[in-house]
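A look at the structure
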Amino acid sequence: MNFSEVFKLSSQLCKFSPDGKYLASCVQYRLVVRDVDTLQILQLYTCLDQIQHMEWSADSRFILCAMYKRGLVQVWSLEQPEWHCKIDEGSAGLVASCWSPDGRHVLNTTEFHLRITVWSLCTKSVSYIKYPKACQQGISFSRDGRYLALAERRDCKDYVSIFVCSDWQLLRHFEADTQDLAGIEWAPNGCVLAAWDTCLEYKILLYSLDGRLLSAYCAYEWSLGVKSVAWSPSSQFLAVGSYDGKVRVLNHVTWKVITEFGHPATISDPKIVVYKEAEKSLQRALGRPACPPPRAAESKYEIASVPVSLQTVKPATDRANPRVGVGALAFSSDNYFLATRNGQCSSPTSLSTPFPPVPATQTAPARGVPHLSAEPALLPTEASRARGFVSCSAQCPLLSAHSFLFGKDQDPGPTTAVTSSHKKGLYIFKGFKKAPKHTHVAEKPEGSMGRGTDLGALRSSPGSSAPQSCLSDRRQVSVSELGAGG
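An account of the accompanying structure is given in this report. Since the structure is predicted, the reported quantities are computational estimates derived from the model, not experimental observations. (Residues numbered from 1 in each chain as written. Predicted model: local features only at pLDDT ≥ 70, side-chain atom pairs only at ≥ 80, totals over all residues. Heavy atoms only, no water.)

Focus: the pairing of strand β22 (residues 226-231)
This is how the line gets drawn: Residue exposure (1.4 Å probe, protein chains only): buried if accessible area is under 20% of the type maximum, exposed if over 50%, otherwise partly exposed. Note on conventions: DSSP H or I runs of at least 4 residues are helices, E runs of at least 2 residues are strands, and numbering of each starts at the N terminus. Criterion used throughout: strands pair if DSSP finds at least two bridges between them.
Most of β22 is tucked away: 6 of the 6 residues are buried. Alignment of β22 against strand β23 (residues 237-242), held across 5 bridges, turns out to be antiparallel. Its bridge partner lying in β23, Ala230 is registered against Ala239. Count of turn residues in the β22/β23 antiparallel hairpin: 5 residues, of which Ser235 carries a positive phi of about 70 degrees.

Observations regarding the packing of aromatic side chains
Test applied: Stacked, tilted and edge-to-face are the three classes applied to pairs of Phe, Tyr and Trp rings, where Trp contributes its six-membered ring and a pair requires centres within 6.5 Å; stacked means planes under 30 degrees apart, edge-to-face means over 60, and tilted covers the rest.
Counting across every chain of the model gives 9 aromatic pairs. Aromatic side chains Phe174 and Tyr207 sit 5.3 Å apart centroid to centroid with 40 degrees between the ring planes, which places their arrangement in the tilted category. Separated by 33 residues along the polypeptide, Phe174 in strand β17 (residues 169-175) and Tyr207 in strand β20 (residues 204-208) bring together distant segments of the chain. Here the two residues Phe174 and Tyr207 agree in accessibility, since each one is buried. With a centroid separation of 5.9 Å and an interplanar angle of 85 degrees, the aromatic rings of Trp231 and Trp255 are classed as edge-to-face.

Looking at the sheet that holds strand β25 (residues 257-261)
So the rule is basically this: To get an axis, fit a line to the C-alpha atoms, keeping to the stretch in contact for a helix; angles then go from 0 to 180 degrees between the N-to-C directions.
Spatially, β22-β23-β24-β25 is the arrangement adopted by the 4 strands of the open sheet, whose pairing is antiparallel. Looking at which strands have only one partner, the edges of the open sheet turn out to be β22 and β25. On average, each strand axis in the sheet is inclined to that of its neighbour by 20 degrees, with strand direction left out of account.

Thoughts on the pairing of strand β3 (residues 22-27)
Burial analysis of β3 places 5 of its 6 residues in the buried class, which makes it a mostly covered element. Of the strand pairs in this sheet, strand β2 (residues 14-16) and β3 are connected by 3 bridges, and their pairing is antiparallel. Considered in β3, the bridge of Phe16 is made with Leu23. Pairing analysis gives 6 bridges linking β3 to strand β4 (residues 30-35), with the strands arranged antiparallel. Pairing of Val27 across the sheet is with Arg30, part of β4. Taking the residues that link successive antiparallel strands as the turn, the β3-β4 hairpin has 2 residues, and the phi of Gln28 there is positive, at about 60 degrees.

Quick notes on the sheet that holds strand β21 (residues 213-217)
Within the open sheet, the 4 strands sit side by side as β18-β19-β20-β21. Their pairing is antiparallel. Only two strands of the sheet have a single partner each, and these edge strands are β18 (183-186) and β21. Along the sheet, successive strands turn relative to each other by an average axial angle of 20 degrees, direction set aside. By the bridge criterion, 4 bridges tie β20 to β21 in an arrangement that is antiparallel. For Tyr207, the partnering residue across the bridge sits in β21 and is Leu213.

With respect to the nonpolar core
Stated precisely, the cut-off is as follows: In this description, a nonpolar core means a group of buried Ala, Val, Leu, Ile, Met, Phe, Trp, Tyr and Cys residues linked to one another through side-chain atoms lying within 4.5 Å. Contact between two residues is taken to exist if any of their heavy atoms lie within 4.5 Å; hydrogens are not considered.
If you look at the biggest cluster of nonpolar residues, it comprises 18 residues, and the most contacted ones within it are Val192, Ile204, Leu206, Val226, Trp231, Leu238 and Val240. Those residues within four positions of Leu238 in sequence are excluded, and the remaining contacts are Ala194, Ile204, Leu206, Val229, Ala230, Trp231, Arg248, Val249 and Leu250. Counting 17 residues, the second largest nonpolar core, distinct from the first, contains Ala151, Leu171, Trp186 and Tyr207.

Below, the structure written as structure tokens:
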């Protein structure tokens with residue numbers, strides 16, 4: 001793996017554009033946009049304060065920069081560098097900011113989650129959505145970008161509201177059967193909404209979009225429960241990561257568990273191939289390291305002999321939010337691989353039994369799994385400072401880094417950005433070797449999901465109505481910390 005020179009970076013704010021042509025990074029109050037092919041700087045923008053959040057619009061034409069301390073959001077145009085937009089939330093403050101799927105609206109959440117303000121870049125109008133709940137994942141857009149699901153809290157009860165993104169009007173509003181709603185997530189086909197309760201209670205709820213409870217799942221009681229949830233791209237599987245270090249996969253027909261994955265601390269099966277990351281150091285002829293150190297770095301993976309004991313980290317019991325349980329999940333685009341991150345030890349696993357997991361021991365533990373590449377055989381990982389490991393199926397190439405992002409190009413090899421934990425900077429490299437293709441899991445016909453509800457029909461039906469108080473008021477004017485389980 002051949003790396004570029006180190007580029008300056010702040011707070012790991014580095015993201016590829018959705019079309020894969022550009023790479024944006026932040027250095028204090030400056031926003032730098034580079035061409036992915038040449039790594040040359042295309043645009044350099046200066047914000048009013050240090051950037052704390054950065055996000056591309058879906059069409060890769062605009063970039064949002066949020067400065068939470070000052071309650072400001074600045075939007076920059078890639079096509080028209082002289083154009084920019086400044087949004088000031090004033091005394092209401094700002095704690096979160098994101099794009100709508102159409103890339104023409106900015107959603108700002110005020111301090112104390114008093115409301116969500118929707119700013120339109122086209123009509124210069126603003127809409128307000130009341131009662132947003134401060135939770136793990138309270139906002140979720142449907143895959144087609146037409147609808148927004150919002151978790152709400154009022155009168156000591158949890159609710160879910162569905163809004164139409166074209167005009168931000170309320171479509172449906174129903175109560176959630178939870179003690180303290182922690183998050184919601186659309187199925188990719190837009191027919192089912194998954195909701196899960198606080199970590200103090202293991203509860204997964206599946207709702208149709210007219211508010212009907214399709215199913216409820218509970219794996220165990222009297223212990224910490226759900227930590228992460230992820231849908232497969234086909235909507236056939238729902239993976240649930242728990243604090244017990246296991247991943248349970250539910251099917252979309254009966255909503256029952258079809259398989260369960262764990263994170264073993266010792267690999268002894270001879271059928272499993274273990275990859276170990278080996279660092280390369282460029283040396284001079286006499287065997288002494290080059291001085292000053294080279295600006296490029298290389299690494300490779302070697303096959304380790306089993307049995308292999310994977311290093312784990314004992315969680316600190318005297319601190320809040322201990323690093324235990326499966327905290328991140330990601331499916332590959334063909335539903336064939338499932339990558340998981342454990343707070344103590346991490347191993348992506350395969351949904352298909354013919355191919356056993358392939359662990360990889362890294363020089364730094366994976367911090368997370370942002371997403372799997374469009375090419376199923378390519379797996380991105382994030383890493384931190386201590387030793388860690390991840391596993392995947394069938395010789396999937398892996399890397400260790402503090403942060404890891406995939407580019408979108410596929411030929412001759414994907415471009416990848418890595419932020420280093422040892423040096424405060426950003427590396428760019430190219431040229432992954434693609435792993436051999438495997439037989440994909442057979443998918444059921446699209447109509448097989450039968451229990452869901454089409455929102456198009458909901459909008460015209462008289463169904464349940466919502467209280468007027470939550471309607472939008474309109475006016476003109478963003479593999480595991482290895483060492484210990486999942």
